[in-house]
Amino acid sequence: MAGETGDGNKHIETNSAMSPKYKLTYFDLRGLAEPLRFLLAYGDIEYEDSRFTFEQWPEMKKSMPFGKVPVLEVDGQALHQSMAMTRYFAKQLKLTGDDDWEAMLCDIMVDTMNDFRMQVTGYYYEPNEETKEKKKEVLFNETMPFYLERLDEEVKKNDGHFVKGKLTWADLAIVAMIDFMEDQLQTKFTDNYSNLKAIKEKVLDLPQIKAWVERRPKTNY
Amino acid sequence: MAPTYKLNYFDVRGRGEPIRFIFHQAGVSFEDNRISKEHWGTIKPTTPFGKLPFLEEDGKVIVQSLAIERYLARKFKLIGKDEWDALQCDAVQAFFEADAAKKEEKKAAVINDQAPFYLSRFDEQVKKNGGYLVNGQLTWADLHFVATLQVTCDMLGKDVVASHANLAAHREKILNLPNIKAWVAKRPTTPF
């Protein structure tokens, strides 16, 4: 088995002949795979970025461990749950803060952003036109200001990052989500929140992230 | 000096119960503060993101139930033996929506489709992992799973676990852990 170091890092050995083979499977979207793609890009970790169409999904679903994607295969073993996987790589790349408390602060910010994301996705995929209009009102008038004000305040309090004035996976994952949510809503909603706008720009300017964003497939969200 | 803990949640099991299970299993004392609906209106604006539960550790407020569970699990050594195990614990969140179980029109879909879909896979996972969800050892994933499923079964009005042999045995094993058994016997009785 590749790279058994006995300290919990047995599956990550970049730049070595024993690197695990990674294959990420997801829709041809950014969505919930994008935080993980950002981490992999940041860490210069090679992987097969496999994308399927909506037509192919019903068949693909059957072979996924819990019928959902993203799924990451590591030397043939299938992992799932986007945030679990993203957190794992964050740990390998030392992007979880300096201790368990800071690691938790990262989790808190990412999960909070995820709560916000679910409200947006719930609106985006609402099939009933009338309900969708009502949801849009609540979303734009209440939910978005509520979250954006507080998230902006967190970045301000934390010297330009989401956690303790330093780059963590919370910054990468949240910016990845902001990036596709702004496309779902066709609104650059961070433009009016200076601290959020700044961290978004800071992350998108990181060389590995910038290069990834330039070469990744263009998708609706 | 050991920290003091205060858990703040509604007077139900819901998303607070996995946290309570973790404290009890670890034998760590905490104040189990239950907030009434009337009182919640006053408290809500003082919380970071207007939601429960939140945990206070020596007065520092932390939110997001899963973040809290993971943090405590790590502290109390209920997170497996390495990062790979920790990842497997995190992956046990693939659940049917507990909230969907509350809505009458969604109950049938949960009972007939989602529950069998997820539970048959978890049943297989427990079988493969020596009677636990992760790598043959007790972790917070087991505590979270059993606490949350009890809530879901109560919402659905049906014991959806009973027909899955490995999960039924797993549930019994977890509920028979001495500290968990003692807690369940004395905890307030709530609808979910």
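Residues numbered from 1 in each chain as written. Chains lettered and ligands numbered in written order. Predicted model: local features only at pLDDT ≥ 70, side-chain atom pairs only at ≥ 80, totals over all residues. Heavy atoms only, no water.

A. Summary view of the overall build of chain B. Helices and strands together make up the secondary structure of chain B, namely eight helices and four strands. If you list the helices and strands of chain B from N to C, you get β-α-β-α-β-β-α-α-α-α-α-α. A compact globule built from 192 residues should have a C-alpha radius of gyration of about 16 Å, and chain B, at 17 Å, falls within 12% of that. Each of the three principal axes of chain B carries a C-alpha extent, and together these read 45 × 40 × 30 Å. With 192 residues in all, chain B has 53% of them scored as buried. Considering only contacts in chain B between residues 6 or more positions apart, those separated by 24 or more positions represent 68%. Put simply, chain B shows about 8,600 Å² of open surface, and 52% of that area lies on carbon and sulfur atoms. Charge centroids of chain B, computed over 27 positive and 24 negative side chains, lie 0 Å from each other. (Helix = DSSP H or I, 4+ residues; strand = E, 2+ residues; numbered from the N terminus. Rg over C-alpha atoms; globule rule 2.2 N^0.38 Å. Buried < 20%, exposed > 50% of the residue type's maximum accessible area, 1.4 Å probe, protein only. Contact = heavy atoms within 4.5 Å. Areas by Shrake-Rupley, 256 points an atom, 1.4 Å probe, with all protein chains shown as cover. Lys, Arg positive; Asp, Glu negative; His and termini not counted. Charge placed at Lys NZ, Arg CZ, Asp CG, Glu CD.)

B. Quick peek at helix α6 (residues 169-185) of chain A. Residues and elements named next belong to chain A. For α6, which comprises 17 residues, the first-to-last C-alpha distance of 24 Å matches the rise-based estimate of 24 Å (1.5 Å per residue) to within 8%. The element α6 is largely enclosed, with a buried count of 16 among its 17 residues. Positive backbone phi, at 55°, marks Q186, one or two positions downstream of α6. (Expected span 1.5 Å × (residues − 1).)

C. Structural view of the UniProt feature "domain: GST N-terminal" (unreviewed entry) in chain A. In this numbering, the UniProt entry assigns the feature "domain: GST N-terminal" (unreviewed entry) to residues 20-97 of chain A. End C-alpha to end C-alpha, residues 20-97 of chain A measures 25 Å, and it is 33% helix and 24% strand. (UniProt positions renumbered as here; feature names shortened; annotations may be inferred.)

D. Region of interest: the environment of B:L177. Residue and element names in this part refer to chain B. Tracing the sequence through the fold places L177 in the loop between α7 (165-175) and α8 (178-186). Using a relative accessible area of 17% as the deciding quantity, one classes L177 as buried. Sequence separation between L177 and S29 is 148 residues, and the spatial gap between their C-alpha atoms is 17 Å. What L177 contacts, discounting residues up to four positions off in sequence, is Q25, L138 and L143.

E. The arrangement of the UniProt feature "domain: GST N-terminal" (unreviewed entry) in chain B in detail. Sites flagged by UniProt as "domain: GST N-terminal" (unreviewed entry) map to residues 3-80 of chain B. Counted over residues 3-80 of chain B, helix gives 36% and strand 24%. Its end C-alpha atoms are 23 Å apart.

F. Layout of the sheet that holds strand β2 (residues 31-35) of chain B. If you walk across this open sheet you meet the four strands as β2-β1-β3-β4 (chain B), and the pairing is mixed. If you trace the sheet from one side to the other, it starts and ends with β2 and β4 (60-63) of chain B, each paired once. Shown here is a sheet whose adjacent strand axes are inclined to one another by a mean of 25°, direction ignored. Where strand β3 (residues 54-57) of chain B meets β4(B), four bridges bridge the pair, whose relative direction is antiparallel. Across the sheet, the residue bridging to B:E56 is B:V61, located in β4(B). The strands touched by helix α4 (residues 100-124) of chain A are β3 and β4 of chain B; relative to β4(B), the strand with the most contacts, the crossing angle is about 45°. Across the sheet, helix α3 (residues 65-75) of chain B lies against β1 (5-10), β3 and β4 of chain B, angled at about 40° from β3(B), the strand it touches most. (Pairing = 2+ DSSP bridges. Axes fitted to C-alpha atoms, helices over the stretch in contact; angles between N-to-C directions.)

G. Structural context of the UniProt feature "domain: GST C-terminal" (unreviewed entry) in chain A. Within the UniProt annotation, "domain: GST C-terminal" (unreviewed entry) is assigned to residues 99-221 of chain A. As a span, residues 99-221 of chain A carries 75% helix and 0% strand, and end to end its C-alpha atoms are 34 Å apart.

H. Fine view of empty space enclosed by the protein. Throughout the structure, instances matching the rule amount to two cavities of 30 Å³ or more. When its volume is computed, the largest cavity comes out at roughly 60 Å³. When contributions to the lining of the largest cavity are tallied by element, the ones reaching two or more residues are α3 (82-92) of chain A together with α3 and α4 (83-91) of chain B. Residue composition of the lining of the largest cavity, by class: five nonpolar, no polar and six charged. Of the pockets and cavities examined, the second largest cavity occupies roughly 40 Å³. Lining the second largest cavity, in full, are B:F145, B:V146, B:L149, B:V161, B:L167, B:H170 and B:R171. When residues of the lining of the second largest cavity are traced back to their parent elements, those giving at least two are α6 (140-156) and α7 of chain B. Of the residues contributing to the lining of the second largest cavity, the split by class is five nonpolar, one polar and one charged. (1 Å grid on protein atoms, 1.4 Å probe; cavity = no way out; pocket = protein on both sides within 12 Å on 5 of 7 lines; lining within 4 Å. Points joined across faces, edges and corners; volume = space filled by probe spheres on them. Nonpolar A, V, L, I, M, F, W, Y, C, P; charged D, E, K, R; others polar.)

I. Local environment of the layout of surface pockets. A volume near 490 Å³ is recorded for the second largest pocket. Taken together, 22 residues make up the lining of the second largest pocket; nearest its centre are A:Q77, B:Q88, B:Q125, B:K128 and B:N129. Looking at which element gives the most residues to the lining of the second largest pocket, the answer is α4(B), with five residues. A class-by-class count of the residues in the lining of the second largest pocket yields 10 nonpolar, six polar and six charged.

J. The pairing of β1(B), seen in detail. Residue and element names in this part refer to chain B. By the bridge criterion, four bridges tie β1 to β3 in an arrangement that is antiparallel. Looking at β3, one finds that N8 is bridged to F54. Once the chain exits β1 it traverses helix α1 (residues 17-26) before rejoining the sheet at β2, and the crossover so formed is right-handed. (Right-handed = clockwise from strand over helix to strand, strands pointing away.)

K. Structural context of the packing of aromatic side chains. Residues and elements named next belong to chain A. Tallied over the full model, the rule gives 27 aromatic pairs over all chains. Ring geometry for Y124 against Y221: centres 5.2 Å apart, planes inclined by 75°, an arrangement best described as edge-to-face. Residue Y124 is located in helix α4, and its partner Y221 is located in the segment after α8 (207-215); the two are separated by 97 residues in the primary sequence. Given a relative accessible area of 24%, Y124 falls into the partly exposed group. For Y221, a relative accessible area of 8% gives the class buried. A centroid spacing of 5.7 Å and a plane angle of 45° characterise the contact between F180 and Y221, whose relative ring orientation is tilted. (Phe/Tyr/Trp six-rings, centres within 6.5 Å; stacked < 30°, edge-to-face > 60°.)

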